[in-house]
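Listed below are the residues making up each chain.
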Amino acid sequence: RGPDHVSQLPPETLLRLLGYLGPADLCRCSQVCRRWAALTRTGTLWRHLYPVRWATGDSYQGPPGEVDQEPNEEWVRSRQHEGRAYQHWDEDADIDESEGSPWALAAVRREKALLKGLGYHLLPAVGVSVRSLVLAYSSTVSSKMVRQMLSLCPGLSHLDLTQTDISDSAFDCWSLGASPRLQHLDLSGCGKISDQTLRKLSVALGNLSAPQVPGRGGRLLRSAPLPVAALLDGRVPDAAGRKRQAIVFRAPAPGGPAPGPPRVWLLDPLELADIEDAAEWGRRRAGGDTRGLTGASLEGGSSSTSCCCRRSRRRAHRTALSASFLQHRLSAAAAAGGGDGPGGRDSSCCSGPAAPRTKNGGPCPPGGPPSQGPGGTCTRPLRFLSLSGCHQVTDAGLRALSQRGGLPSLEHLNLSGCLLVTEVGLQELVSACPALNDEHFYYCDNIDGPHADTASGCQNLQCGFRACCRSGE
Ligand code: FES
């Protein structure tokens, strides 16, 4: 054995070892050699992204629930200090040392460099596997950066942009159904956003009232019944009559439990966004889960393949691994029968496998990712929405959210500091949110709106840095 015997470990073993490393160490490992660089770009290693925290030396990479706590006032003050330093930072003229302390400027530069690296180098490779993106209290993130990140992360379920300087243009990339998995959106303190953002959000969540097309972005070959032989070996004729390797999905017929005609998508291994996608489907097949998958094979393979201002209640790389590793990984996943990804990361918030990428590059939702119900119908899974301090939002924005089927899963709604909304807009939105929990429903104390006796009051009364009609009282 040579001195580099670590590199001779099987890729899945190396991947598991890499799973114990933090983001900084992973970046160092990516510079060892091309093989390690490819391994470090595996999607499961980058499910949950906290670049602002990482820039401060915190290497947490778990699901957001465990760090979903409000920062203390000292930390918020330090972030505001850095924000002011950033305002005085002229990139062309370098840094004006007379403005801001050196440590604040260093922190700002570190954060900005990290965000740029994330957007230009990491997300193009692993974006489709990202489930959480937390940019809260970033003093350097721009609307352009957020727009770029959102376009690269179509599978986001948790997005936190608290107290950032973004505007409506950050969401320009959201088209119909562009963010169908989004469950948690925190825009607290984003004072520049307006009704436009809410309209885009409503569009991005999909349309409950319109029939959904399974495999949006995918390439539908045919939906007619297929010959049994085609289902068995995973080879189906395309529109030109040529036999192609494909993945075949069955979906219940709309309105009935019986399976509908199979829907077929081409699957090109070179277009796979993440090895985990293929592994997950391999696991499903091995586990006999044929509800959504009746056959899968890979072309070229062997086919085995709480707020600081809280108040009491109201009225008070792409994984560019070799084909052999692809096959190896599938076999390993099938043998293991599931569990966490190779990185050993928690994927509890990522229920359901990431949908395989199809020829056309978009994620397709066979079998039903979280936002897809039976028959591929959209469910708009948004559960948490905070617009605290978004003082430009009006009834028109709330109305946009109540359209396209409303928000059937919404449990937490914070409209504290939304100075322009009225009881009419609130009532309209609430009537479209059947799951709303009054304990987690916050709005201005001066509005006699829906659920007035049971809803919670404004959270921004003594906040100091978020809008409130009673500021200064
Ligand atoms: Fe009216 Fe805070 S916005 S009480």
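Keep in mind that what you see is a predicted model, and the values were worked out from it rather than measured.

1. What about the overall build of the protein?
- Along the protein, the regular secondary structure elements total 13 helices and eleven strands.
- Looking at the protein as a whole, 53% of its 473 residues qualify as buried.
- Here the protein has roughly 20,500 Å² of accessible surface; of this, 51% comes from carbon and sulfur atoms.

2. A look at the environment of Arg399
- Within the element layout of this structure, Arg399 appears in helix 12 (residues 395–402).
- Between the C-alpha atoms of Arg399 and Gly425, which are 26 residues apart in sequence, the distance is 6.5 Å.

3. Focus on the pattern of salt bridges
- Using the criterion set out here, one finds six salt bridges in the structure.
- Of the charged contacts in the structure, one is a salt bridge between Lys192 and Asp165, with a shortest N-O distance of 3.1 Å. Taken together, the residues span a long stretch of sequence, with Lys192 in the loop between strand 4 (184–186) and helix 8 (195–204) and Asp165 in the loop between strand 3 (158–160) and strand 4 at a distance of 27 residues.
- Given a relative accessible area of 43%, Lys192 falls into the partly exposed group.
- The class for Asp165 is partly exposed, based on a relative accessible area of 46%.
- Residue Arg399 is joined to Glu428 by a salt bridge in which the shortest nitrogen-to-oxygen separation is 3.1 Å. Placement of the pair is Arg399 in helix 12 and Glu428 in helix 13 (residues 423–430), with a sequence separation of 29 residues.
- The exposure class assigned to Arg399 is partly exposed, which follows from its relative accessible area of 34%.
- Owing to a relative accessible area of 29%, Glu428 belongs among the partly exposed residues under this scheme.

4. Some thoughts on helix 6 (residues 102–126)
- In this model, helix 6 (25 residues) spans 34 Å end to end at C-alpha, consistent with the 36 Å of a helix rising 1.5 Å per residue.
- Along helix 6, the sharpest kink reaches roughly 40 degrees, centred on Leu118.

5. Brief notes about the sheet that holds strand 9 (residues 384–386)
- As summarised here, the arrangement of the seven strands in space is 1-2-3-4-9-10-11, forming an open sheet in which the pairing is parallel. The open sheet terminates on both sides in strands that have one partner only, identified here as strand 1 (48–49) and strand 11 (441–442).

6. Some thoughts on helix 1 (residues 11–18)
- Within helix 1, burial applies to Pro11, Leu14, Leu15 and Leu18. Take helix 1 and look down its axis: the buried residues cluster within an arc of 100 degrees, on one side only.

7. Observations concerning the packing of helix 6 against helix 7 (residues 143–152)
- Between helix 6 and helix 7, the shortest axis-to-axis distance is 10 Å and the interhelical angle comes to 25 degrees. Looking at the two axes, helix 6 sits roughly parallel to helix 7. You can see that helix 6 and helix 7 cross each other, and the crossing is left-handed. Taking contact as the criterion, the partners of Lys112, Leu115, Lys116, Leu118, Gly119, Tyr120, Leu123 and Pro124 in helix 6 are, on helix 7, Met145, Gln148, Met149 and Leu152.
- When the residues that make up the contact of helix 6 with helix 7 are grouped by side-chain class, the tally is eight nonpolar, two polar and two charged.

8. Considering the packing of aromatic side chains
- Scanning the entire structure with this criterion turns up four aromatic pairs.
- Residues Trp46 and Trp54 carry aromatic rings whose centres are separated by 6.1 Å and whose planes lie at 65 degrees to one another, so their mutual orientation is edge-to-face. Residue Trp46 shares its accessibility class with Trp54, and that shared class is buried.

9. Focus: the packing of helix 12 against helix 13
- Two numbers describe how helix 12 lies on helix 13: the axes approach to 8 Å, and their chain directions differ by 10 degrees. Judged on the interaxial angle alone, helix 13 and helix 12 are roughly parallel. Residues Asp395, Leu398, Arg399, Leu401 and Ser402 of helix 12 lie in contact with helix 13, whose contacting residues are Val424, Gly425, Leu426, Glu428 and Leu429.
- Its residues assigned to classes, the contact of helix 12 with helix 13 comprises five nonpolar, two polar and three charged.

10. Concerning the state of the cysteines
- Tallying each qualifying case throughout the model produces zero disulfides.
- Cys390 takes part in no disulfide bond, and the closest cysteine sulfur to it belongs to Cys190, at a distance of 5.7 Å.

11. Let's talk about the side chain of Asn414
- Mapped onto the elements of the fold, Asn414 is located in strand 10 (residues 412–414).
- At 2.7 Å, the side chain of Asn414 and the side chain of Ser416 are in polar contact.
- The contacts of Asn414, once residues within four sequence positions are left out, are Leu385, Ser386, Leu387, Ser388, Tyr442 and Gln459.

12. Observations concerning the confidence of the model for the protein
- With 55% of its residues at a pLDDT of at least 70, the protein reaches an overall mean of 71.
- Throughout residues 212–223 the model reports pLDDT below 50, and contacts reaching past four residues in sequence, or to other chains, amount to 45 contacts.
- With pLDDT under 50 throughout, residues 288–370 is counted as low confidence; its partners more than four residues away or in other chains account for 227 contacts.
- With a pTM of 0.68, the predicted complex shows an ipTM of 0.98.

13. Remarks on unusual backbone geometry
- One non-glycine residue, Gln163, lies in positive phi territory at about 55 degrees.
- For Arg404, which is not glycine, the phi dihedral falls at a positive 60 degrees.
- What makes Arg404 partly exposed here is its relative accessible area of 28%.

14. A short note on the environment of Cys469
- Secondary-structure assignment places Cys469 in the segment after strand 11.
- Exposure remark for Cys469: the relative accessible area of 40% places this residue in the partly exposed category.
- Put simply, Cys469 and Asn446 are 23 residues apart on the chain and 8.5 Å apart in space, counted from C-alpha to C-alpha.
- Those residues within four positions of Cys469 in sequence are excluded, and the remaining contacts are Leu419, Cys444 and Asn446.

15. A short note on the environment of Ala38
- Within the fold, Ala38 resides in helix 3 (residues 34–40).
- With a relative accessible area of 6%, Ala38 lands in the buried category.
- Sequence spacing of Ala38 and Ala125 is 87 residues, and the spatial spacing of their C-alpha atoms is 9.4 Å.

Rules used throughout
- Residues numbered from 1 in each chain as written.
- Predicted model: local features only at pLDDT ≥ 70, side-chain atom pairs only at ≥ 80, totals over all residues.
- Heavy atoms only, no water.
- Helix = DSSP H or I, 4+ residues; strand = E, 2+ residues; numbered from the N terminus.
- Buried < 20%, exposed > 50% of the residue type's maximum accessible area, 1.4 Å probe, protein only.
- Areas by Shrake-Rupley, 256 points an atom, 1.4 Å probe, with all protein chains shown as cover.
- Salt bridge = Lys/Arg side-chain N within 4 Å of Asp/Glu carboxyl O.
- Expected span 1.5 Å × (residues − 1).
- Bend = angle between axes of the 7 residues up to and from the residue.
- Pairing = 2+ DSSP bridges.
- Arc of directions from axis to C-beta.
- Axes fitted to C-alpha atoms, helices over the stretch in contact; angles between N-to-C directions.
- Parallel < 35°, antiparallel > 145°, perpendicular 65-115°, else oblique.
- Left-handed = near helix turned anticlockwise from the far one by under 90°.
- Contact = heavy atoms within 4.5 Å.
- Nonpolar A, V, L, I, M, F, W, Y, C, P; charged D, E, K, R; others polar.
- Phe/Tyr/Trp six-rings, centres within 6.5 Å; stacked < 30°, edge-to-face > 60°.
- Disulfide = S-S within 2.5 Å.
- Polar contact = N/O pair within 3.5 Å; in protein donor to acceptor, adjacent residues only side chain to side chain.
- pLDDT = per-residue confidence, 0-100.

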